[in-house]
Every structure is written in structure tokens, then in C-alpha cells.
Amino acid sequence: MASNGKRKAAVEREKKNESVKRPKIDEDSGVQDIFDWASSHGARLDKLVLKEDGEKVLSESVALASDFGRQFTTYLKQNPSDSANLSQGGRDPYAPGLVMLSGYLVYERFVKAKQCFWAPYLYNLPTQYSLPIWWETKELEVGLAGTQLLHVVRERKKLLERGLALLQRACRDLFQDESLNWLNLLWAYSAISSRAFPRSRAATPVTDERFEIGQETVEAAGEASELCMYPALDLINHRRGERVEWQIKETGENAGVAFIALDDVQEGVEIFNNYGAKGNENLLGNYGFVLDPNPEDYVKVAMQLRDDIDPCAARKRTLLNRYSSRLIHLLFADDSFPSELLAVTRVLVMKDYELTRFEKAFATAGTAPQSPINPHNELRSLSTLHTLLTVKLEGLTNNQPPESWTTNTYRKTLVWVYRKGQETILRHHICNILTSMKDYILQLAKAHWDPDHIDPPPTEFGPDAMDCVFWSMANQHFDWWCKERVGKVSE
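Residues numbered from 1 in each chain as written. Predicted model: local features only at pLDDT ≥ 70, side-chain atom pairs only at ≥ 80, totals over all residues. Heavy atoms only, no water.

Visitor: Please explain the sheet that holds strand 4 (residues 58-59) as it appears in this structure.
Guide: Paired through their backbone hydrogen bonds, the strands of a sheet run either parallel or antiparallel. Here we have three strands laid out as an open sheet, ordered 4-7-5, and antiparallel in their pairing. This sheet does not close on itself; its edge strands, each paired only once, are strand 4 and strand 5 (197-198). Note: strand 4 against strand 7 (residues 227-229), two bridges, orientation antiparallel. Residue pairing for strand 7: Leu 58 is matched across the bridge by Met 229. Along the sheet, helix 9 (residues 182-195) makes contact with strand 5 and strand 7, crossing strand 7 at roughly 90°. (Pairing = 2+ DSSP bridges. Helix = DSSP H or I, 4+ residues; strand = E, 2+ residues; numbered from the N terminus. Contact = heavy atoms within 4.5 Å. Axes fitted to C-alpha atoms, helices over the stretch in contact; angles between N-to-C directions.)

And the structure:
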């Protein structure tokens, strides 16, 4: 979470009976009001349990039940085209809920102000955030040039701009003081991005497993459950490796959310949450900080199927859907190249005759091709991945911020750590791909090379030559020894 002054909460234990007292908060933190308010409404802060009762958890459901939420929902029902535009035709299914909750925060904080139920909480949230979406346009374009995060931030800005316009059309009469503006909506969105939890989550230890590591907070919550903000609990900072169990119970006497430390907490020591395994792209974009080093850092690779240039796109999409194969994959610095990404690429680069043969031969296999289909397809797949990562690396390295880049030191550090991690991962996996290419060619060469009888390599491919492998002699992926042999290899 973005910091808000001093937020160290120390757990004290009495010497005699070891009973746990409520957290002790620094006097000048401005957070004591939140703890007093939360405790008065059912939160058990001695054990970090927030009891849910009606509107005591700031959630999409609470927002929908408000005057603001009802008016917003009514407008969307009456104007379905606006709703479709906001969600980009269903491509952003979480967008309406995110915009609605952001608008609700603005309404509560700036219209109802001190009279709102959430006042002690909302008035103690940071007024500004270090998320890149807050940066000046030039600063953003220079610092994140050539990165995936630049695209993400641009798209978020577009979403908020569409959301602001929609909110103003739907609920302008509720904001007669003109408080429904860009800066206030940006503040509300940033609070949600850096603090929200998904409501529905099984009781589970939060470790650093790489499970849905690349999902944005709002994306992860949007598909499975609504977004919720838990006052007081969201003040706990993140520390990688912290053994914390989240328990969320939606019904019953003990309904609520609890954070349970799985290790003993010593007196006077800051307590931490664990946001789970997250790469620096996620941390910087959603929370405004990075980790260095970050073993969970990743590069996101998004493959595409384009109907306008690939006549087999629909068949390939059907095939991949049947195998539940994803088009978005994550690359990590310390891993071998992901076999699932290579398997998907084998399908994406298939020619019509390869696709037909694969559909017939592997219709009942139940998985995407986990082994080479034929030499030509395999080398084409590896070459495609090599080109994709090389272009990403060149875009990153050719757009480094100049020495004269003017921004504050903290942001320079954020950018440098993020970019360094991306470059390291890309170089690592480019080497992985080249190694796989050479190993595969040598494997074929040993199995099929005949030094006494050298036939000319095939010059084109079709059903009659589908088992042959062809590699352009002008290709720069290999040294001359490898290239000379690729044109002579057949299955």
C-alpha cells in the first residue's frame, strides 16, 4: 500500500499472561483515528480481524446500495451503449464496477465529507500517490518508453477518462460543487488500486507462489468477486516472504476478514502483510513501489491471433480454447523457457496443412502440442519467439531515459529498477531460445545427416514436403555451421 506517514503497528504482550493488546500506533501518524473508528464498529484489531456488518466494509455492494450507486446503475440500464463503451464491448468486464466504486469514494469524501460514515478512513488516506498514472505526460513517456507498463498506464488513463465522462452524465446533479473531476477520480482509483482486496477468497496462506502473479489487482478481483476496501487492515505494509493467512468468511457469526500471522510476532516489531508474489510491473503500476531484487519479477508476453492476416485464425482459436491454452504468458529471470508458451506458438505458426494434420492426429490428445510437430514448424516457432523478444528488448534498450531526464530521485530509482529487471529477463530468455534452436538442430543433424549423399534443400513447402525442414541461409539466428546443416535436414 502507498505509505501515509508513519504506519508502524507494534504488538505488545503483557509479561504475565501473554494476552494480546490492541496495536500501538505512533502518535503522529494520523492513523489512530482510523483504529479508534474501526474498533468502535466491530473491528478486533488485537488479532487483526475486521467484522463485516452491513456497510462496514467499503465494497461495490455498499456503493450500489447508496443513492449514488442506484442512480449510476439506473443510468447504465437506460443507456446500455454507455455501459458497453466503458467495458470496451466486454473486454474490460471489471471496468463498470471499478468506475462505480471510484465515483462512490469521490461522492463520500468530497460531497458527504465529514458527515459520511467513512470519514475517519477516507480523510486519512494519502492525498497523492506515486503510481505512474500520476506522473506528468512527458515524464511518463520518457521514463517508461519501450515498456509494457507505458501501454498499461495509457489504457488506464483512457478508462478513467471514459469513466469520468460517464459519471458526469449519470450523476452530475449529485456533485453540484464540481467535485467530480479528474484529480478526485484519480485519487479514488489510486486508493482502490493500491488497497482493494477481492471479497471472495478461500482461507489460504499468502505466500510467494507464482499463481496469477501477473494479474492486476482490479483484473484479478473483477472476474471472481467484487472489490472491497478493509479499513485498518489495508494500512499494513507488504513484505515479501511474510507468512500471513487470509481468512474470509462471508456468512455466519464470524463473517469478516482476518489476517493471521503464521509466525510469532515480537513486541515492538512492525507487522506486515504479504500481497503475494508480484512482479515489479504490477507493484509499480498498482502500488507505486518496486522490489530490488525481486525474484517474482516477470516480463509479460502476449501472443495474438489476427483474423485479418491469418486465414486459419478461427481454427487455431478453437483449438487453443479446447486445450485451455492462454495467449498471455509470464517469463521469469531464473526459469527455463515456459513449455506452454512454446506449445501455443506451435499452433499459432501452423500452416494450413500442418493444422489439418494436427487436428486429425491429436483431436483426442487433450493438450496443446508438447513436442515438435515437424522440424519446420519447430524452427518457425522458435524463430517467432526469438523475434518477438528481440523486438521487445530493442524497444526497451533503444528508449532508455537520457542522463538529462529531469524527475525526482525516487521516480528515477523506480524506473531504473523496473527497466533493469525487464532487460535482464528478456536477455535470459533470448539466450534460452537460441540454445533450444541449436540443440534441436544438432539433434536433427545427428539423426538424419548423411555426409556421403547431400540432396539440395527444399525450396518451398506443401503437403508433399511437410516433413522437410527449411531454414533460410540468410537467417542470422545461427552460425554458418548450423545454417549449412539446417537446409540438409529432413525428418
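Visitor: Can you help me understand the confidence of the model for the protein chain in this one?
Guide: Note that predicted coordinates carrying low pLDDT should not be read in detail. Considering every residue of the protein chain, the mean pLDDT works out to 76; 70% of them sit at 70 or more. In this model, residues 201-224 is a region of pLDDT below 50 whose contacts with residues beyond four sequence positions or in other chains number 67 contacts. This stretch, residues 456-491, has a pLDDT under 50; its non-local contacts, to residues over four places away or in other chains, come to 68 contacts. (pLDDT = per-residue confidence, 0-100.)

Visitor: It is not clear to me how the nonpolar core should be interpreted in this structure. Could you clarify?
Guide: As a rule of thumb, soluble globular proteins bury nonpolar side chains together. Counting residues in hydrophobic clusters, the biggest one holds 64 residues, and the most contacted among them are Leu 58, Phe 68, Tyr 104, Leu 105, Trp 118 and Leu 122. Those elements that provide at least two residues to this core are helix 2 (60-65), helix 3 (67-78), helix 5 (95-112), helix 6 (119-122), helix 8 (148-171), helix 9, strand 7 and helix 16 (409-448). Of the residues forming this core, the biggest block, 11 residues, is contributed by helix 8. Apart from residues no more than four positions distant in its own chain, Phe 68 is found in contact with Met 100, Gly 103, Tyr 104, Tyr 107, Leu 167, Cys 171, Leu 174 and Phe 175. Of all hydrophobic cores here, the second largest spans 29 residues; its members include Met 303, Leu 341, Leu 342 and Met 350. (Core = buried A, V, L, I, M, F, W, Y, C linked by side-chain atoms within 4.5 Å. Buried < 20%, exposed > 50% of the residue type's maximum accessible area, 1.4 Å probe, protein only.)

Visitor: How should I be thinking about the packing of aromatic side chains in this particular structure?
Guide: A ring pair, where both rings are aromatic, is described by two values, the distance of the centres and the angle of the planes. Within the structure shown, the criterion is met by 10 aromatic pairs. Each ring, one from Phe 68 and one from Tyr 107, has its centre 6.0 Å from the other, and the planes form 20°; the classification is stacked. Of this pair, Phe 68 sits in helix 3 while Tyr 107 sits in helix 5; the two residues are 39 residues apart in sequence, bridging distant segments of the chain. Tyr 107 carries the same exposure label as Phe 68, and that label is buried. A ring pair is formed by Tyr 298 and Phe 332, whose centres lie 6.5 Å apart and whose planes are at 65°; its orientation type is edge-to-face. (Phe/Tyr/Trp six-rings, centres within 6.5 Å; stacked < 30°, edge-to-face > 60°.)

Visitor: Looking at this structure, I do not really get the pattern of salt bridges. What am I missing?
Guide: Pairing between side chains of opposite charge can happen when their charged atoms approach one another. For the structure shown, the criterion picks out 19 salt bridges. Of the charged contacts in the structure, one is a salt bridge between Asp 307 and Arg 317, with a shortest N-O distance of 3.0 Å. Taken together, the positions of Asp 307 in the loop between strand 10 (298-302) and helix 12 (313-322) and Arg 317 in helix 12 put the pair 10 residues apart, joining distant regions of the chain. Salt-bridge contacts for Glu 359 lead to Arg 315; the nearest nitrogen and oxygen are separated by 2.8 Å. Note that Glu 359 is positioned in helix 14 (residues 352-361) and Arg 315 in helix 12, a separation of 44 residues in sequence. On the accessibility criterion, Arg 315 (28% relative accessible area) is partly exposed. Look at the salt bridges and you will find they share partners, linking Arg 315, Asp 352 and Glu 359 into a network. (Salt bridge = Lys/Arg side-chain N within 4 Å of Asp/Glu carboxyl O.)

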